[in-house]
Amino acid sequence: MADYKLGFKGPYIAAVDFGGKQPTLTIESVQLESIPDDKGGNRDRWVVRFIGQDRAWLPNMTNAILMAAMWGRDTNGWVGKRVSLASEMVQFGREKVEGIRVKGSPDLEKPLDVEVKLARKRPQIVKLNPTGKRAAPGPAPVISDDEAAEIRAKDKAEEAKA
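Worth saying up front: this structure is predicted, and the values here are computed from it rather than measured. (Residues numbered from 1 in each chain as written. Predicted model: local features only at pLDDT ≥ 70, side-chain atom pairs only at ≥ 80, totals over all residues. Heavy atoms only, no water.)

What about the sheet that holds strand β2 (residues 42-50)?
Read across the open sheet, the 6 strands follow the order β2-β1-β3-β4-β6-β5; overall the sheet is mixed. Of all the strands in the sheet, just β2 and β5 (112-116) have a single pairing partner and so form its edges. Recorded for the sheet is a direction-independent mean angle of 35° between the axes of neighbouring strands. As defined by bridge partners, strand β1 (residues 24-36) adjoins strand β3 (residues 82-92) across 3 bridges and the pair is classed as antiparallel. Of the residues in β3, the one forming a bridge with Thr-26 is Arg-82. Helix α1 (residues 61-71) contacts β1, β3, β4 (95-105), β5 and β6 (124-130) of the sheet and is inclined by roughly 10° relative to β4. (Pairing = 2+ DSSP bridges. Helix = DSSP H or I, 4+ residues; strand = E, 2+ residues; numbered from the N terminus. Axes fitted to C-alpha atoms, helices over the stretch in contact; angles between N-to-C directions. Contact = heavy atoms within 4.5 Å.)

Remarks on the side chain of Thr-131
Take Thr-131: it is sitting in the loop between β6 and α2 (145-161). By relative accessible area, which is 10% here, Thr-131 ends up buried. Here the side chain of Thr-131 touches Ser-84 through a polar contact of 2.5 Å, side chain to side chain. Residues in contact with Thr-131, not counting those within four places in the same chain, are Gln-22, Thr-24, Ser-84, Gly-104, Ser-105 and Pro-106. (Buried < 20%, exposed > 50% of the residue type's maximum accessible area, 1.4 Å probe, protein only. Polar contact = N/O pair within 3.5 Å; in protein donor to acceptor, adjacent residues only side chain to side chain.)

And the structure:
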């Protein structure tokens, strides 16, 4: 089934884009930008761009708090990090709507409980989990036979001096 909202894509990633999947995306940049608001003015918002994605994401306060809990308050430190997102029903004013939520990151070593405190709302605990596969360590360096022989010769020369 194709959700009708897929025909009305805007400039930013929306929950409907996930199609029930939980994508893990790598953060390319995080910038504070002036974005038009519903009242005809502008409002400063964090804009997160992902590697390989043509549309950016406007995280809400809850998601910003969750990412700060994983990687610190300095948004420059978020660049290069991987974040797993999911679509879930969230409270928006008096309505329940489909929204994007941070679920965790492959970069997490263990689950993390985060207390989210928003104005005029009860604090809630959100569990962030290690997701997907952790980055594998890089391959061992490969050296040629000549380089290995040179290293052995240097080692023997140093042993002879000692």
